Amino acid sequence: MGWFALLCCAGCAQVGSPDGGGRDEAPPTVIEADPPFGQTLFDRTSFTLTFDEFVQLKDARRQILVSPPLPAPPRAMVRGRSIVVDLGDSLFPDRTYIVQFGECIRDLREANVAKGLAYVFSTGLALDSGRVRGRVEDAWTGEPGQGARVLLFSGGLPEAVLDPGLPDSLRRLPDFVGLVDDSGRFDVGFLP
């Protein structure tokens, strides 16, 4: 009789994960950057961002923008709660770089997006402090230009950029790139 009672009690426990409460609506937040944000005299080929939860990358190759552009796009890899970004070995001396992540970093369970995340560093002694802000609208509808990119060229807009017959491989790369948010606004900082 003792064994039967023990087996009945053991069979009453429910197997499964406990209910964690409401739906997580918070995006992942950076809790550590190695090297830190705003690092000067940056002499590495990569950096790591660690978040407060497990993350995933979606469309990183298209979403991650580096200004000024690198000859080859950076490679990003997920390692648990961290993202490691390999910049390659082609950083220019005495230059401030901005790495914008667009909407590619999301939490693992709910896919909440870490919007507006950027990592800034300088290979020189100081960060540049110039800034260009504005709003992009569709010229015909007046609607915000969501998802557009703002291209900044030093010395003015090169004619070749506007030539539709020219292949992209022959077009000059912009000196800086900014992302336009959902309201059509952009803010490109850390410019020389």
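The coordinates are above.
Residues numbered from 1 in each chain as written. Predicted model: local features only at pLDDT ≥ 70, side-chain atom pairs only at ≥ 80, totals over all residues. Heavy atoms only, no water.

Trainee: How should I be thinking about the pattern of salt bridges in this particular structure?
Mentor: Two side chains that carry opposite charge are able to pair once their charged atoms sit near each other. This model, assessed by the stated rule, comprises eight salt bridges. The partner of Asp 59 in a salt bridge is Arg 62, with the nearest N and O atoms 2.8 Å apart. For Asp 59, a relative accessible area of 39% gives the class partly exposed. Between Arg 135 and Glu 137 there is a salt bridge, with the nearest N and O atoms lying 2.5 Å from each other. (Salt bridge = Lys/Arg side-chain N within 4 Å of Asp/Glu carboxyl O. Buried < 20%, exposed > 50% of the residue type's maximum accessible area, 1.4 Å probe, protein only.)

Trainee: Sorry, what's going on with the pairing of strand β6 (residues 82-86) here?
Mentor: In the case of a regular strand, side chains alternate between the two sheet surfaces. Buried residues dominate β6, accounting for five of its five residues. Here β6 shows no split at all, with Ser 82, Val 84 and Asp 86 on one side and Ile 83 and Val 85 on the other all buried. Note: strand β2 (residues 46-51) against β6, five bridges, orientation antiparallel. For Thr 50, the partnering residue across the bridge sits in β6 and is Ser 82. Relative to β6, strand β5 (residues 75-79) runs antiparallel, the two sharing five bridges. Counted as the bridge partner of Ala 76 is Val 85 from β6. In this antiparallel pair of consecutive strands, β5 and β6, the connection spans two residues, and Gly 80 shows a positive phi of 70°. (Helix = DSSP H or I, 4+ residues; strand = E, 2+ residues; numbered from the N terminus. Pairing = 2+ DSSP bridges.)

Trainee: Quick question: what am I supposed to make of unusual backbone geometry here?
Mentor: Peptide bonds are mostly trans, and most non-glycine residues show a negative phi. Residues Asp 34 and Pro 35 are joined by a peptide bond in cis, for which omega reads -5°. With respect to the secondary-structure elements, Pro 35 resides in the loop between β1 (30-34) and β2. Here the bond from Ser 67 into Pro 68 is cis, since omega is -10°, no more than 30 degrees from zero. As for its position among the elements, Pro 68 is in the loop between β4 (65-67) and β5. Positive phi, normally seen in glycine, also occurs at Leu 41, with a value near 55°. Looking at the secondary structure, you find Leu 41 in the loop between β1 and β2. The residue Asp 59 is not glycine, and still its phi comes out positive at about 60°.

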